[in-house]
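# Survey of secondary and tertiary structure
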Amino acid sequence: MKTGIDAISFDVAKLHLPIKTLAEARNIEPEKLEKGLGLIKMTLPDTHQDSVVFAANALTKLIQNNQINLNEIARIYVGTESGIDNAKPIGSFLVDLMEQKFGENTLAECDVVDFTFACIGGVDAMQNCLDFIRLNPDKKAIVVTTDIAKYDLNSTGEYTQGAGATAMLITTNPRIIAFENHWATNTKGVFDFFKPHRTLSKEAIIGNTNNESWFDNLEAEIEIHKDQPVFDGQYSNQCYMDRTRNAYFSFKKLKQTSNTLYQSWNSIIMHLPYSFQGRRMLSEIYALDAENSIITGEENPAEYQNKLKETSKTPEYKNFVEEKLMPAELASSLIGNLYTGEKLMPAELASSLIGNLYTGSIFMGFLSTLAHFYDSKKEIAGNTFGFLAYGSGSKSKVFEGIIQNEWKSAISDIKLFETLTESFEIDFDTYEKLHKKEQKQSVQTPKNEWILDRIEKEIPNLIGARYYKWID
């Protein structure tokens with residue numbers, strides 16, 4: 001019995017700031033971001049959008065485009081690190097909004113929950129739903145990923161921001177991809193990237209040592225929520241490499257093979273916080289699992305890193321990247337080669353045009369790859385795709401799937417790249433106002449989408465409740 005993704009949809013922020021504009025404003029050489037990281041655009045949420053809005057839009061498209069009967073859906077599991085409540089999951093908002101649009105009580109018997117483990121939460125949600133469908137083959141499940149990647153102004157993560165969601169229907173006999181039941185995991189508790197509870201003393205706010213009530217807060221410290229993470233980019237990259245490498249070789253053991261594993265994969269899909277992350281992180285696995293590896297494991301750290309750099313510059317590795325991270329024809333036809341001569345792979349292209357989607361990044365890379373092969377009229381049914389997922393904190397999962405015969409009909413109406421090229425360009429001043437939440441009016445008038453309508457500020461028992469509505 002096969003289980004996997006039967007249908008997929010997406011929603012991304014419709015506003016973008018060109019990376020070149022950001023670079024010039026921050027006195028960064030544009031080449032550093034364009035040729036070094038493969039960045040082109042950075043998407044940003046409008047004032048009427050949050051993680052629930054992106055999730056609801058992606059889910060609505062999935063339901064409408066595939067004529068899904070919601071009474072058949074047993075689970076809607078959400079992967080996110082952009083929750084808007086510490087108790088009420090995004091999944092519960094989605095049930096309410098879908099019933100508003102498609103009929104009351106249509107999801108009354110549907111189980112919902114959010115999964116949070118940085119960028120790998122969506123993969124965790126999918127694995128859980130795949131296991132459920134294997135045990136209950138007559139059921140269907142939906143996995144939603146939704147995030148807003150926001151970093152402090154002037155930080156080293158600022159240029160990797162992005163916002164959007166994906167939604168996937170999980171069934172038996174799927175049309176797009178069937179996953180093998182081998183999952184390798186590597187986990188280690190670290191602080192490479194996290195979003196801690198932060199506090200500020202009441203004395204610093206109100207200017208006296210008396211612990212007086214302040215907006216009904218009786219505690220001497222005020223807790224502050226901040227979307228922007230605490231992170232160490234270089235350390236996080238190393239954690240990414242360590243977890244992914246270990247999970248990769250654990251996967252080899254599960255497959256009971258001594259052959260070079262990546263050679264069995266027609267395509268490789270990785271988590272891409274920025275476009276060129278995959279090709280940078282993959283060089284170590286490529287070298288270690290090569291038949292004639294130049295790395296022995298006995299090198300000192302400096303020598304080891306030098307050999308990895310040498311590997312990444314070889315014609316063989318560049319050909320490997322072009323083949324396994326997808327041929328570059330689509331990128332060339334859409335945006336041309338970057339002036340440095342670097343080519344963008346299809347799985348990288350979406351990241352270049354959107355930015356980081358956190359939990360949705362790996363699935364957007366998968367969709368980007370499918371869209372490329374669809375547009376280039378290449379048949380990939382029967383191809384094996386390898387997936388290398390990562391979430392800070394930190395955990396990696398390695399798994400694989402086989403593309404199914406009906407994949408083309410299942411994605412024929414998605415039009416990924418056409419949608420991404422329709423994004424609305426904003427100027428730097430508007431970007432900073434949106435980031436600082438000084439922009440009160442929507443930059444674009446919403447149409448055919450969900451919006452955040454209001455947040456309750458008056459009724460005591462509903463303070464902070466968020467209400468959404470559909471705009472035709």
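What you see is a predicted model; the values in this text were computed from it and never measured.

## Some remarks on the state of the cysteines
Summed over the entire model, instances satisfying the criterion amount to 0 disulfides. We note that Cys 119 lacks a disulfide partner, and the nearest cysteine sulfur, in Cys 239, lies 13 Å from it. Cys 119 gets classed as buried once you look at its relative accessible area, which sits at 9%.

## Details of the packing of aromatic side chains
Inspection of every chain in the model, using the stated rule, returns 26 aromatic pairs. Arranged with centres 5.7 Å apart and planes meeting at 65 degrees, the rings of Phe 179 and Phe 387 form a pair that is edge-to-face. A residue pair is termed long-range when its members are at least 10 positions apart, and Phe 179 in strand β8 (residues 177–179) and Phe 387 in strand β15 (residues 384–391) qualify at 208 residues. The burial state of Phe 179 is the same as that of Phe 387; both residues are buried. An aromatic cluster is defined as three or more aromatic residues linked by ring pairs; in this entry it consists of Phe 179, Trp 183, Phe 366, Phe 385, Phe 387 and Phe 399. Directly above the ring of Tyr 467 sits Arg 454, whose terminal nitrogen or CZ lies 4.3 Å from the centroid.

## Some words on the pattern of salt bridges
Throughout the structure, instances matching the rule amount to 24 salt bridges. Taking the shortest distance from any N to any O, the salt bridge between Asp 242 and Arg 245 comes out at 3.1 Å. Linking Asp 242 with Arg 245, this pair stays in helix α7 (residues 233–255), spanning 3 residues, or about one helical turn. A relative accessible area of 18% places Asp 242 in the buried class.

## A few points about the pairing of β15
Of all 8 residues that make up β15, 8 are buried, and the element is covered over most of its length. Of the pairings in the sheet, the one linking β15 to strand β16 (residues 395–403) comprises 8 bridges and is antiparallel in character. Within β16, the residue paired with Gly 386 across the bridge is Glu 400. The turn linking β15 back onto β16 is made up of 3 residues, and Gly 393 within it adopts a positive phi angle of 120 degrees.

## Observations regarding a nonpolar patch on the surface
A contiguous nonpolar surface patch, about 210 Å² in accessible area, is contributed by Leu 200, Ile 205 and Ile 224. With respect to the element layout, Ile 224 can be found in strand β12 (residues 221–224). Given a relative accessible area of 37%, Ile 224 falls into the partly exposed group.

## Observations regarding the nonpolar core
In this structure, Ile 5, Met 126, Ile 170 and Phe 366 are the most contacted members of the largest nonpolar core, which totals 48 residues. For this core, the leading source of residues is helix α13 (residues 361–375), giving 8 residues. In contact with Ile 5, other than residues within four places in its own chain, are Met 126, Met 168, Leu 169, Ile 170, Pro 174, Arg 175, Ile 176, Ile 177, Phe 179 and Phe 366. Ranked by size, the runner-up nonpolar core spans 34 residues in total, among them Ile 68, Ile 73, Leu 169 and Trp 450.

## What about the sheet that holds strand β2 (residues 15–18)?
Taking strand neighbours across the sheet as the criterion, the 3 strands line up as β3-β2-β17 in an open arrangement whose pairing is mixed. Two strands bound the open sheet, and with one partner strand each, they are β3 (41–44) and β17 (424–425). With 4 bridges connecting them, β2 and β3 associate as antiparallel partners. Paired with Leu 15 across the two strands is Leu 44, which belongs to β3.

## A word on the confidence of the model for the protein
The predicted model of the protein has a mean per-residue pLDDT of 91, with 95% of residues at 70 or higher. Scored below 50 in pLDDT, residues 327–341 makes 32 contacts in the model with residues more than four places away or belonging to other chains.

## Observations concerning unusual backbone geometry
A cis amide bond links Gly 393 with the next residue in sequence, Ser 394, at an omega value of 0 degrees. In this fold, Ser 394 is placed in the loop between β15 and β16. At Ala 118, a position not held by glycine, the phi torsion is positive, near 45 degrees. Locating Ala 118 in the fold gives a position in the loop between β5 (111–115) and α5 (121–135). Phi is positive for Asn 448, which is not a glycine, with a value near 55 degrees.

## Describing the packing of helix α8 (residues 277–288) against helix α10 (residues 315–324)
Close contact between α8 and α10 brings their axes to 11 Å; oriented N to C, the two are set at 120 degrees. In terms of orientation, α8 lies oblique with respect to α10. Handedness of the α8/α10 crossing: right-handed. On the side of α8, the interface is formed by Gly 278, Arg 279, Leu 282, Ser 283 and Tyr 286, while α10 contributes Glu 316, Tyr 317, Phe 320 and Val 321. Looking at the contact of α8 with α10 residue by residue, the class counts come to 5 nonpolar, 2 polar and 2 charged.

## Some remarks on helix α3 (residues 51–65)
The terminal C-alpha atoms of α3, which comprises 15 residues, lie 21 Å apart, in line with the 21 Å expected from a rise of 1.5 Å per residue. For α3, the tally of buried residues reaches 12 of 15 residues, placing the bulk of the element in the interior. When we look at burial in α3, the residues that qualify are Ser 51, Val 52, Val 53, Phe 54, Ala 55, Ala 56, Asn 57, Ala 58, Leu 59, Thr 60, Leu 62 and Ile 63. Two or three places before Val 52, at the opening of α3, Asp 50 has a side-chain oxygen 3.0 Å from that residue's backbone nitrogen. With its phi angle positive at about 50 degrees, Gln 67 sits one or two positions after the end of α3.

## Here's the deal with helix α16 (residues 428–435)
Summarising burial for α16: 6 of the 8 residues are buried, a large majority. By the burial criterion, the buried members of α16 are Phe 428, Thr 430, Tyr 431, Glu 432, Leu 434 and His 435. Summarising the contacts, the buried residues of α16 are in contact with β2, α1 (19–25) and β3. Where α16 terminates, the next one or two residues include Lys 437, which has phi positive at roughly 60 degrees.

## A word on the pairing of β16
Within a regular beta strand, the side chains point alternately toward one face of the sheet and then the other, so they alternate between its two faces. Buried residues dominate β16, accounting for 8 of its 9 residues. One ladder, built from 3 bridges, connects β8 with β16; its direction is antiparallel. Among the inter-strand pairings, Phe 179 is bridged to a residue of β16, identified as Gly 401. Strand direction decides the pairing type here: strand β9 (residues 184–187) and β16, joined by 4 bridges, are antiparallel. Considered in β16, the bridge of Thr 187 is made with Lys 395.

So, how was this worked out
Residues numbered from 1 in each chain as written. Predicted model: local features only at pLDDT ≥ 70, side-chain atom pairs only at ≥ 80, totals over all residues. Heavy atoms only, no water. Disulfide = S-S within 2.5 Å. Buried < 20%, exposed > 50% of the residue type's maximum accessible area, 1.4 Å probe, protein only. Phe/Tyr/Trp six-rings, centres within 6.5 Å; stacked < 30°, edge-to-face > 60°. Helix = DSSP H or I, 4+ residues; strand = E, 2+ residues; numbered from the N terminus. Lys NZ or Arg CZ within 6 Å of the ring centre and 35° of its normal. Salt bridge = Lys/Arg side-chain N within 4 Å of Asp/Glu carboxyl O. Pairing = 2+ DSSP bridges. Patch = residues over 30% accessible without salt bridge, like charges linked within 9 Å, V, L, I, M, F, W, Y side chains within 5 Å. Areas by Shrake-Rupley, 256 points an atom, 1.4 Å probe, with all protein chains shown as cover. Core = buried A, V, L, I, M, F, W, Y, C linked by side-chain atoms within 4.5 Å. Contact = heavy atoms within 4.5 Å. pLDDT = per-residue confidence, 0-100. Axes fitted to C-alpha atoms, helices over the stretch in contact; angles between N-to-C directions. Parallel < 35°, antiparallel > 145°, perpendicular 65-115°, else oblique. Left-handed = near helix turned anticlockwise from the far one by under 90°. Nonpolar A, V, L, I, M, F, W, Y, C, P; charged D, E, K, R; others polar. Expected span 1.5 Å × (residues − 1). Polar contact = N/O pair within 3.5 Å; in protein donor to acceptor, adjacent residues only side chain to side chain.

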